[in-house]
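As a plain string of letters, each chain reads:
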Amino acid sequence: MTVKKLMVIGAGQMGSGIAQVCAQAGYEVLLNDLKDELVGRGLGVIEKNLFRQVQKERITSQEKDEVISRISRSTDLQDANDVDLVIEAAVESMDIKRKIFAQLDEITPEHTILATNTSSLPITEIAAATKRPEKVIGMHFMNPVPVMKLVEIIRGLATADEVYQTIEDMTNTLAKVPVEVNDFPGFVSNRILMPMINEAIYTLYEGVATKEAIDEVMKLGMNHPMGPLTLADFIGLDTCLYIMETLHDGFGDDKYRPCPLLRKYVKAGWLGKKSGRGFYTYE
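Let us look at the structure shown here. Just so it is clear, the model here is predicted, and its values are computed rather than measured.

## Looking at helix α4 (residues 94-107)
So, point 1. Between the first and last C-alpha of α4 there are 20 Å, a value that for 14 residues agrees with the 20 Å anticipated at 1.5 Å per step.
So, point 2. Those residues of α4 that fall on the buried side of the exposure criterion are Met94, Lys97, Ile100, Phe101, Leu104, Asp105 and Ile107. Around the axis of α4, the buried residues are gathered within 165 degrees of arc, so they sit on the same side. The exposed residues of α4 that point more than 90 degrees off its buried face are Asp95, Lys99 and Glu106.

So, in structure tokens, the structure goes:
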């Protein structure tokens, strides 16, 4: 199957990034969110990103305009009635995702592939909300989407081989690197990354070292581009906590228990860069 037109659900940081790279690759994109102002905000981020590329002479002004022209606004899931692919990038909640997928199953044509950008939730469980589990798949993009090369492609229990192949081929057209992963909590990226971040938080919690020292050890000693506590702030401490809880629930293993300090910060509203304060303070 060939993908020509797609819908991205969720115009936030991830959704707008996915819409941008798809439009840049020549796809016709519907950017959908609950309110037009949210879609407008997402389009504003895309225009800003593309304008930066024009300034750096990576693309021309005409190419920027062509990319923008391939993105249409949507606030109604019914607009997905003629798309070949849907990539859902809504809030990380199983109830919300299952509800969206059940609706999409009724709205979209029979051939349409339904993909989710979930960072940790089971693809098989999301697929069970539809009558086409063989056409449901995970496409986990990395943040920031326009910059990061990796896409984890996650097979659900019933995902068909031809559906996987279509998504792998499409990912290549986005100038991304597809990596096949099976359906386990956290997949590969977050199953490895989040316990490392959680352990860094325990190291701070237990007074082993200061936050600056912990980050410096990982940057200079392990050649990480940023320290784990800085990275946690960038990801969002609420997101880190949610993924750790998903891992803990999914595996039933106490090695995935979230650090009490992480819980405390989230309860305090210290969510990282987006709230102005996490492990570090942001202007």
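So much for the structure itself; the text now carries on.
## Some details on unusual backbone geometry
So, point 1. Of note, the bond from Asn143 into Pro144 is cis; its omega dihedral lies within 30 degrees of zero at 0 degrees.
So, point 2. Relative to the elements of secondary structure, Pro144 occurs in the loop between β6 (136-141) and β7 (150-155).
So, point 3. Of note, the phi angle at Glu57 is positive, near 60 degrees, even though the residue is not glycine.
So, point 4. Mapping Glu57 onto the fold places it in the loop between α2 (36-55) and α3 (61-69).
So, point 5. Residue Glu57 is classed as exposed on the basis of its relative accessible area of 72%.
So, point 6. Within the chain, Phe187 stands out as a residue other than glycine whose phi angle is a positive 55 degrees.

## Looking at the pattern of salt bridges
So, point 1. Here the structure, examined in full by the defined rule, presents 15 salt bridges.
So, point 2. Taking the shortest distance from any N to any O, the salt bridge between Asp36 and Arg73 comes out at 3.1 Å. One end of the pair, Asp36, is in helix α2; the other, Arg73, is in strand β3 (residues 71-74), and 37 residues separate them in sequence.
So, point 3. With a relative accessible area of 42%, Asp36 lands in the partly exposed category.
So, point 4. Judged by relative accessible area, which is 44%, Arg73 ranks as partly exposed.
So, point 5. When the shortest N-O distance is used, the salt bridge between Lys219 and Glu216 registers 3.6 Å. Remark: Glu216 and Lys219 occur in helix α8 (residues 211-222); sequence separation between them is 3 residues, near one turn of the helix.
So, point 6. Note on Lys219: relative accessible area 32%, which makes it partly exposed.
So, point 7. Where salt bridges share partners, they join Lys5, Glu28 and Asp82 into one cluster.

Basis of the calculations
- Residues numbered from 1 in each chain as written.
- Predicted model: local features only at pLDDT ≥ 70, side-chain atom pairs only at ≥ 80, totals over all residues.
- Heavy atoms only, no water.
- Helix = DSSP H or I, 4+ residues; strand = E, 2+ residues; numbered from the N terminus.
- Expected span 1.5 Å × (residues − 1).
- Buried < 20%, exposed > 50% of the residue type's maximum accessible area, 1.4 Å probe, protein only.
- Arc of directions from axis to C-beta.
- Salt bridge = Lys/Arg side-chain N within 4 Å of Asp/Glu carboxyl O.

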